[in-house]
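Coordinate inspection notes
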Amino acid sequence: METQFDIGRLGQEKLFLVLSSAERLRQNNIRVIKTLIGRGYRVVVITTNQPSAILKKHYAAEGIGMGKVTFIDAITKYAIGRIPEGENDTKFVNSPSNLTDLGIAITEVLNPASGEKTCLLFDSISTMLIYLPSIHISKFIHFVTSKLRLLDVPGIFLAVEKGIDPLLLTQLTTYVDDVIDMDKPPGLLGPDGKSPGT
Amino acid sequence: MEQEQRKFTGEGGHRIWILAVLGLVCIGLEVVVHLTLRTAVGYTHIFYILLVLSALWYHHKALFIAGGLVCATLATSLFVGDLTWATILRAAMFLVITWIVATISDERDRARRMLQEQKEEIEKKHYALVGYISEAALRMKNPLEMLRDNLTSMRVQLDQGPDIEELKMMLSVQITHLEQIIGNFRELNREIVEERDEIPEAFREFLTR
């Protein structure tokens, strides 16, 4: 089922589990954002690994316009105990383990009837594992994917490739339409653009 | 219904048939030897095969079979006219032997069931512990790798002219991640300590501190 990153399929297949190595997670996050914005999407980034303020700086350094990115930040308030100044456009959640608030924030951000094409980027499932048992994460991701399908919104769930046990990976795979391995060499792709065995 | 069907087709079915055949043999002996040949010597020893087997397999329910044989023995003795203390004693022994074997079998089966339940309980706890350990490993190994990469990225940033505020924020996040990982590790230790009784008290306290 794993395929090389091909955002062109967002139209047909809406939900992706994107696997990345730990050291390339940030670069791959930026790569996904760039591609999505290039395709005209407004991107809702849910971050549990790095504060949104830092992500914004990295995005800006890569020439990504912040007008197309909305943040739900579940780590800043928990880690530094306060909301940084000038972050009014970001929704802050108390803790990555507070799934109720995270769910509410996602619902609020996805609902506005702006008419814009919106895509959700979840960074990352692996960090959530620090704060929650895998069973809770699985249920939450199931809730989010169901919501995205109902709203007809595409979603990308980032995870560290070797950091998810086979059971959780199988569960997550059933919730999404496809699994993308960002670090797989293109040479491994078949003639149809998909990796063998897909 | 299914259980009834099993009684006659599976292992229970064989037992029923064996006991039925033995019962017929016993009744046959009673009729042929006692009633026809008019002697009560020797043949009742065969009865014990039926009584012991039924007591082994059906425990105290075998007393009904013993009662039946007692009735048959006493009835034929009355008919033949050789009812003595020896006949009554023999009939009583049918009941006593059946009761003893039934009681021992019952105790044996109960002990076996208890052992099985204990084994299942231990296995269940063991699997739960293994599941917990793998979950804990999942919640420690991968986060530690992410932490390492975040710290590496911060070190690179230091070489490139650091933004102190950004570094402070990133450090706070890494400390928060670490605190949670330590919490997860402590929780894992507690689970293991609770599971293993043989860990000395001093080590228990150290592991859960």
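Residues numbered from 1 in each chain as written. Chains lettered and ligands numbered in written order. Predicted model: local features only at pLDDT ≥ 70, side-chain atom pairs only at ≥ 80, totals over all residues. Heavy atoms only, no water.

**Observations regarding the overall build of chain B**
What counts here: Put simply, DSSP H or I for four residues or longer makes a helix, DSSP E for two residues or longer makes a strand, and each gets a number counted from the N terminus. Type-normalised accessible area, obtained with a 1.4 Å probe on protein chains alone, sets the label of each residue: buried when under 20%, exposed when over 50%, and partly exposed for intermediate values. Two residues form a contact once any of their heavy atoms are found within 4.5 Å. The accessible surface values rely on the Shrake-Rupley method and a 1.4 Å probe; as for residues, cover is taken only from the protein chains in view.
Helices and strands together make up the secondary structure of chain B, namely 7 helices and 0 strands. Per-residue burial over chain B gives 31% buried out of 209 residues. When contacts within chain B are restricted to residue pairs at least 6 apart in sequence, those whose partners lie at least 24 apart make up 62%. Roughly 13,600 Å² of accessible area belongs to chain B as shown, and the carbon and sulfur atoms make up 66% of that amount.

**Points about the pattern of salt bridges**
All names here are of chain B. The cut-off we apply is this: By definition here, a salt bridge exists when the distance from a side-chain nitrogen of Lys or Arg to a carboxyl oxygen of Asp or Glu is within 4 Å.
Under the counting rule described, the total for this entry stands at 11 salt bridges over all chains. In this structure, D106 and R110 form a salt bridge, with 3.6 Å as the shortest nitrogen-oxygen distance. Of this pair, D106 and R110 both sit in helix 5 (residues 85-159), separated by 4 residues, roughly a single helical turn. You can call R110 partly exposed: its relative accessible area is 38%. A salt bridge links D149 to R148, with the shortest nitrogen-to-oxygen separation between them at 3.5 Å. Residue classification places D149 among the buried residues on the basis of a relative accessible area of 14%.

**Some words on the side chain of S52(A)**
Assignment of secondary structure puts S52(A) in helix 2 (residues 52-61). Once residues within four sequence positions are removed from consideration, S52(A) is found in contact with T47(A), F71(A), D73(A), T76(A), E87(A), T90(A) and F92(A).

**Things to note about the interface of chain B and chain A**
To keep it simple, the criterion reads: Two parts placed together each lose some accessible area under a 1.4 Å probe, and adding up what both lose gives the buried area. Polar contacts, as used here, are pairs of N or O atoms within 3.5 Å; protein pairs need one atom able to donate a hydrogen and one able to accept it. Residues neighboring in sequence count only if both atoms are side-chain atoms. Following the grouping adopted for this structure description, the nonpolar residues are Ala, Val, Leu, Ile, Met, Phe, Trp, Tyr, Cys and Pro, the charged ones are Asp, Glu, Lys and Arg, and the polar ones are all others, Gly among them.
Counting from both sides, the interface comprises 21 residues of chain B and, opposite them, 31 residues of chain A. Counting the surface chain B buries against chain A, the share from its top three residues, L138(B), M146(B) and M169(B), is 25%. Where chain B touches chain A, the interface holds 2 salt bridges. We note a salt bridge from K57(A) to E166(B), for which the minimum N-O separation is 4.0 Å. Across the contact surface, chain B and chain A share 4 residue pairs in polar contact (both at pLDDT 80 or more). Those elements that provide at least two residues to the side of chain B that touches chain A are helix 5 and helix 6 (164-195) of chain B. For the side of chain B that touches chain A, a count of residues per class yields 7 nonpolar, 8 polar and 6 charged.

**Topic: helix 4 (residues 99-110) of chain A**
Residue and element names in this part refer to chain A. Our working rule: Here the expected length of a helix is defined as 1.5 Å per residue gap, with one fewer gap than residues. As used here, the arc belongs to the directions running from the helix axis to the C-beta atoms.
The first and last C-alpha atoms of helix 4 sit 16 Å apart over 12 residues, in line with the 16 Å expected at 1.5 Å per residue. For helix 4, the complete set of buried residues consists of L99, L102, G103, A105, I106, V109 and L110. Along the axis of helix 4, the buried residues cluster in a sector spanning 160°; they form a single face. On its buried side, helix 4 packs onto strand 3 (42-47), strand 4 (69-73), strand 5 (90-92), strand 6 (118-123), helix 5 (125-131) and helix 6 (134-151).

**A short note on helix 2 of chain A**
Counting buried residues along helix 2 of chain A, 7 of its 10 residues qualify, which places the element largely inside the surrounding structure. Buried within helix 2 of chain A are the following residues: S52(A), A53(A), I54(A), L55(A), K56(A), H58(A) and Y59(A).

**Some words on the confidence of the model for chain B**
Residue and element names in this part refer to chain B. To keep it simple, the criterion reads: pLDDT measures the predictor's confidence residue by residue and takes values from 0 up to 100.
Across chain B, pLDDT averages 82, with 88% of residues at or above 70. Put simply, helix 1 (residues 2-9) is where chain B has its lowest mean pLDDT, 49, and helix 3 (residues 45-58) is where it has its highest, 91. Overall fold confidence (pTM) sits at 0.64, and the ipTM for the predicted complex is 0.77.

**Topic: a negative patch on the surface**
Residue and element names in this part refer to chain B. Formally: Only residues whose relative accessible area exceeds 30% and that take part in no salt bridge are eligible for patches, with like-charged residues grouped when within 9 Å of each other and nonpolar side chains (Val, Leu, Ile, Met, Phe, Trp, Tyr) grouped when within 5 Å. Just so you know, the count uses Lys and Arg for positive and Asp and Glu for negative, and it drops His and the chain ends. Lys charges are placed at NZ, Arg charges at CZ, Asp charges at CG and Glu charges at CD.
On the surface, E117, E120, E121 and E123 cluster together into a negatively charged patch. Note that E117 resides in helix 5. On the accessibility criterion, E117 (53% relative accessible area) is exposed.

**Section: the packing of aromatic side chains**
Residues and elements named next belong to chain A. What counts, and what does not: Here the aromatic set is Phe, Tyr and Trp, taking the six-membered ring for Trp, and pairing holds for ring centres within 6.5 Å; pairs whose planes are under 30 degrees apart are stacked, those over 60 apart are edge-to-face, and all others are tilted. Whether a charge lies above a ring is judged from NZ of Lys or CZ of Arg, which has to be within 6 Å of the ring centre and within 35 degrees of the ring normal.
Throughout the structure, instances matching the rule amount to 7 aromatic pairs over all chains. Here a set of aromatic residues connected by ring pairs shows up, and it is made of F122, F140, F143 and F157. One Lys or Arg, K117, reaches over the ring of Y41 and ends 4.5 Å from the middle of that ring.

**A few points about the packing of helix 4 (residues 62-80) of chain B against helix 5 of chain B**
Residues and elements named next belong to chain B. Basically, it comes down to this: Lines fitted to the C-alpha atoms define the axes, with helices restricted to the stretch that makes contact. Angles between their N-to-C directions range from 0 to 180 degrees. Should an angle fall under 35 degrees it is called roughly parallel, over 145 degrees roughly antiparallel, and 65 to 115 degrees roughly perpendicular, with every other angle called oblique.
Helix 5 packs onto helix 4 with a crossing angle of 175° between their chain directions and a minimal axis gap of 9 Å. When the axis of helix 4 is compared with that of helix 5, the two are roughly antiparallel. Contacts between helix 4 and helix 5 involve A62, L63, A66, G67, L69, V70, T73, L74 and S77 from the first element and T87, I88, A91, F94, L95, T98 and W99 from the second. By residue class, the composition of the contact of helix 4 with helix 5 is 11 nonpolar, 5 polar and no charged.

**Details of a nonpolar patch on the surface**
All names here are of chain B. A cluster of nonpolar residues, L89, M93, V96, W99, I100 and I104, forms a patch on the protein surface that exposes about 570 Å² of accessible area. For M93, the position within the fold is in helix 5. In this structure M93 comes out as partly exposed when scored by relative accessible area, which is 33%.

**Notes on the nonpolar core**
Soluble globular proteins tend to pack their nonpolar side chains together in the buried interior. Residues and elements named next belong to chain A. So the rule is basically this: To qualify as a nonpolar core, a set must consist of buried Ala, Val, Leu, Ile, Met, Phe, Trp, Tyr and Cys residues joined through side-chain atoms within 4.5 Å.
Counting residues in hydrophobic clusters, the biggest one holds 45 residues, and the most contacted among them are I125 and F157. The residues contacting F157, other than those within four sequence positions of it, are F16, L17, V18, L120, F122, I125, I141, V144, T145, L148 and V176. By size, the runner-up hydrophobic cluster in this structure holds 24 residues, among which are L36, V45, V160 and I180.

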